[in-house]
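Descriptive structure summary
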Amino acid sequence: MPELIYSKVNPEQLLHIVNRKSEIVAMRNDISPPEEYLQVSCFSLPKDKTFKAHKHVRLERHTDITQESWIVVQGKIKAMLYDIDDTLLVEKILGPGDISLTFRGGHNYLSLEDDSLVYEYKTGPYMGQAKDKEFI
C-alpha cells in the first residue's frame, strides 16, 4: 500500500506519495489518485504477459502546477518532503525500485551513495527553472 502524505496545514490535501518496490505485488496498482495530473501505476508481470497495442488520443488538458516523481534505479536517496507552507513534513530513504511522487508542496533529494541513479518525471511542458521553480 503506498504511503500517502497529507498536509498539516490542510489535512485533506494529499501532497506526496512514497511507494516501495516491495509493494509491487498486484498485476496492476494505480498509485496516483485519478484526479491528479501525474498518473503513476505499477505492475507485477508474469513472463509472456502483454497488452493490446494502443496509442493515446490527443486531449486538451489544463495543468496549473508541475508535479514530479523520482524513481530510484540504483543507490540510496533521502527525500525531504515539504508542506504547502514550506515546513518539512517527513524524510524518507528511498532505495532501488522505490518511487516518490509530489503533487503539491516542496521536495529536496540527497544522494546517500556514490553512483546513485534516478529517473525524474514531471508534467510538462517544462518552461525552464525561472518559470517553474520557487526555492524554499
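Let me sum up the structure you'll find in this document. By convention here, each chain's residues receive numbers from 1 onward along its written sequence. Side-chain atom pairs in this predicted model are given and counted only at pLDDT of 80 or more, local residue features only at pLDDT of at least 70, and totals for whole chains, interfaces and linings cover all residues. Calculation of side-chain values draws on the structure's entire complement of heavy atoms; hydrogens and water are dropped beforehand.

Here a strand is any run of E in DSSP of at least two residues, a helix any run of H or I of at least four, and the numbering for each starts at the N terminus. Here Lys92 shows up in strand β7 (residues 88-94). Polar contacts, as counted here, are pairs of nitrogen or oxygen atoms within 3.5 Å of one another; within protein the pair requires one atom able to donate a hydrogen and one able to accept it, and residues that are adjacent in sequence qualify only if both atoms are side-chain atoms. Here Glu3 takes part through its side chain, which lies 2.7 Å from a polar atom of the side chain of Lys92. Among residues more than four places away in sequence, those in contact with Lys92 are Glu3, Val18, Arg20, Ile77, Lys78 and Ala79. We call two residues in contact when some of their heavy atoms are within 4.5 Å.

Among the nonpolar cores identified, the biggest contains eleven residues, and these are Ile5, Leu15, Val18, Trp70, Val72, Ile77, Ala79, Leu81, Leu89, Leu94 and Tyr109. In terms of residue count, the dominant contributor to this core is strand β6 (residues 77-82) (three residues). In contact with Val18, not counting residues within four places along its chain, are Pro2, Glu3, Ile5, Leu81, Lys92, Leu94 and Ile99. Among the nonpolar cores identified, the runner-up in size contains nine residues, and Leu14, Ile17, Cys42 and Leu101 belong to it. Think of a nonpolar core as a cluster: buried Ala, Val, Leu, Ile, Met, Phe, Trp, Tyr and Cys residues, connected wherever their side-chain atoms sit within 4.5 Å. Each residue gets one of three labels from its accessible area relative to the maximum for its type: buried under 20%, exposed over 50%, partly exposed in between, using a 1.4 Å probe on protein chains only.

With that settled, consider the layout of surface pockets. Gaps left between atoms are located by rolling a probe of water-molecule size over the structure's atoms. Definitions used for this entry: grid spacing 1 Å over protein atoms alone; cavity, a set of points where a 1.4 Å probe fits but cannot get out; pocket, an open set with protein on both sides within 12 Å along at least 5 of 7 lines; lining residue, one with an atom within 4 Å of a point. Grid points are joined across faces, edges and corners, and a volume is the space filled by probe spheres set on the points. In this structure, the largest pocket occupies an estimated 1,200 Å³ of space. The wall of the largest pocket is formed by 35 residues, among which Ile65, Thr66, Glu68, His107 and Asp132 lie closest to the centre. Elements represented by at least two residues in the lining of the largest pocket include exactly β5 (68-74), β9 (107-111) and α1 (129-132). Here the element with the most residues in the lining of the largest pocket is β9; it accounts for three residues. Split into classes, the residues belonging to the lining of the largest pocket amount to twelve nonpolar, eleven polar and twelve charged. Of the volumes computed, that of the second largest pocket is approximately 180 Å³. What lines the second largest pocket is Asn19, Ile24, Ile31, Val40, Ser41, Cys42, Phe43, Ile71, Gly97, Ile99 and Tyr121. The nonpolar class holds Ala, Val, Leu, Ile, Met, Phe, Trp, Tyr, Cys and Pro. Asp, Glu, Lys and Arg form the charged class, and all remaining residues, Gly among them, are polar. Considering only residue class, the lining of the second largest pocket consists of eight nonpolar, three polar and no charged.

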